[in-house]
Amino acid sequence: MAAPQVYACFLPAGPDRYEPTEHTGGAWHDDEQHLAPVAGLMVHHMERWREANADPSLEFSRFSFDVLGKIPRETVELETVVSRPGRTIQLLECTATIGGRATIRARAWMLQTSDSSAVAGDEFERLDPPTEDSPVHPLAEVWGGGFINSVRAVSVGESHPGRGRMWITSDLELVHGEAVSELAEFMKYVDTANGAATRVPPGEWMYPNVDLTVHLFRRPRG
């Protein structure tokens, strides 16, 4: 009897070990993983470390990921350590070893929180919410791979090569059977921005990103 299909990016395979499913498939080659779900997995791992070891008043403020080479679709082993300890500021480093090689190194700054509502604000234009009439964004027509084929996207406002805005979602679990925060779920999608409004067809030019940096104003909600 065939095993039931699991609609998730990763399956737990032991302490700090995860098996990728076909739904992590990369956009450039079928035997690779897309950076987006792996980044979400690494944030998930760092959040679990934070819950077990850190002062609860410390909150994530920035994530940076350095991609050290091809991300093969093989077992992912994760290790999170403190590289800069402190009571009000800490720096975590998470390494993803894949295929026996350190493949991605992520760093996360944690800062002590306080009530800054009196001075909070920014000048960024808000993204309009999606509606029933929002046009489908044809990500899967431009890109291949199991991860892109698992998501749904709609465009908001005008777009052209090099500039576009979209909402994106998926029914995929990040990790089968494990509770995952909204922050890790959010990070599961961020790297799709790399291909949201391509200037040139990816079939003609290759431009895989070697890094990804995300600054947070607040924790994602909903």
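Residues numbered from 1 in each chain as written. Predicted model: local features only at pLDDT ≥ 70, side-chain atom pairs only at ≥ 80, totals over all residues. Heavy atoms only, no water.

Applying the stated rule across the entire model yields five aromatic pairs. Ring centres of Trp28 and Trp143 lie 5.2 Å apart, and the angle between their planes is 90°; this geometry places the pair in the edge-to-face category. Taken together, the residues span a long stretch of sequence, with Trp28 in the loop between β2 (17-20) and α1 (35-53) and Trp143 in the loop between α2 (139-142) and β7 (151-155) at a distance of 115 residues. A residue is classified by how much of its surface remains accessible, and Trp143, at 7% relative accessible area, is buried. On the numbers, 5.7 Å between centres and 65° between planes, the contact of Phe124 with Phe217 is edge-to-face. One end of the pair, Phe124, is in the loop between β6 (101-112) and α2; the other, Phe217, is in the segment after β10 (211-215), and 93 residues separate them in sequence. For Phe217, a relative accessible area of 64% gives the class exposed. (Phe/Tyr/Trp six-rings, centres within 6.5 Å; stacked < 30°, edge-to-face > 60°. Helix = DSSP H or I, 4+ residues; strand = E, 2+ residues; numbered from the N terminus. Buried < 20%, exposed > 50% of the residue type's maximum accessible area, 1.4 Å probe, protein only.)

The next subject is the nonpolar core. Among the nonpolar cores identified, the biggest contains 48 residues, and Phe10, Met42, Met46, Phe60, Phe63 and Phe65 are the most heavily contacted of them. The greatest single-element share of this core, amounting to nine residues, is contributed by α1. When residues no more than four places from it in sequence are discounted, the contact partners of Phe63 are Val43, Met46, Arg107, Ala108, Leu183, Met187, Leu212, Thr213, Val214 and Leu216. (Core = buried A, V, L, I, M, F, W, Y, C linked by side-chain atoms within 4.5 Å. Contact = heavy atoms within 4.5 Å.)

Next up on the list: the pattern of salt bridges. All told, the structure shown has 13 salt bridges when counted by the stated rule. The residue Arg126 makes a salt bridge to Asp122 at a minimum N-O spacing of 3.1 Å. Shared partners join several salt bridges into a network, and the residues in it are Glu47, Arg50, Glu59 and Arg219. (Salt bridge = Lys/Arg side-chain N within 4 Å of Asp/Glu carboxyl O.)

This part covers the side chain of Glu93. Following the sequence through the fold, Glu93 ends up in strand β5 (residues 89-98). On the basis of relative accessible area, Glu93 is assigned to the buried category, the value being 17%. Residue contacts for Glu93: discarding those within four places in its chain leaves Glu79, Thr80, Val81, Ser83, Arg105, Ala106 and Arg107.

Once that is clear, we can look at unusual backbone geometry. Positive phi is not limited to glycine here, since Asp16 has a value of about 65°. With respect to the helices and strands, the residue Asp16 is situated in the loop between β1 (8-12) and β2. Its relative accessible area of 39% is what places Asp16 among the partly exposed residues.

The terminal C-alpha atoms of α1 lie 27 Å apart, and with 19 residues this matches the ideal 27 Å at 1.5 Å per residue to within 8%. The buried fraction of α1 is high, at 15 of 19 residues. (Expected span 1.5 Å × (residues − 1).)

Because side chains alternate across β7, one face comprises the buried residues Val151, Ala153 and Ser155, and the other comprises Arg152 and Val154, none of which is buried. For β7 and strand β8 (residues 166-170), the ladder comprises five bridges, and the chain directions are antiparallel. By the bridge assignment, Val154 is partnered in β8 with Trp167. (Pairing = 2+ DSSP bridges.)

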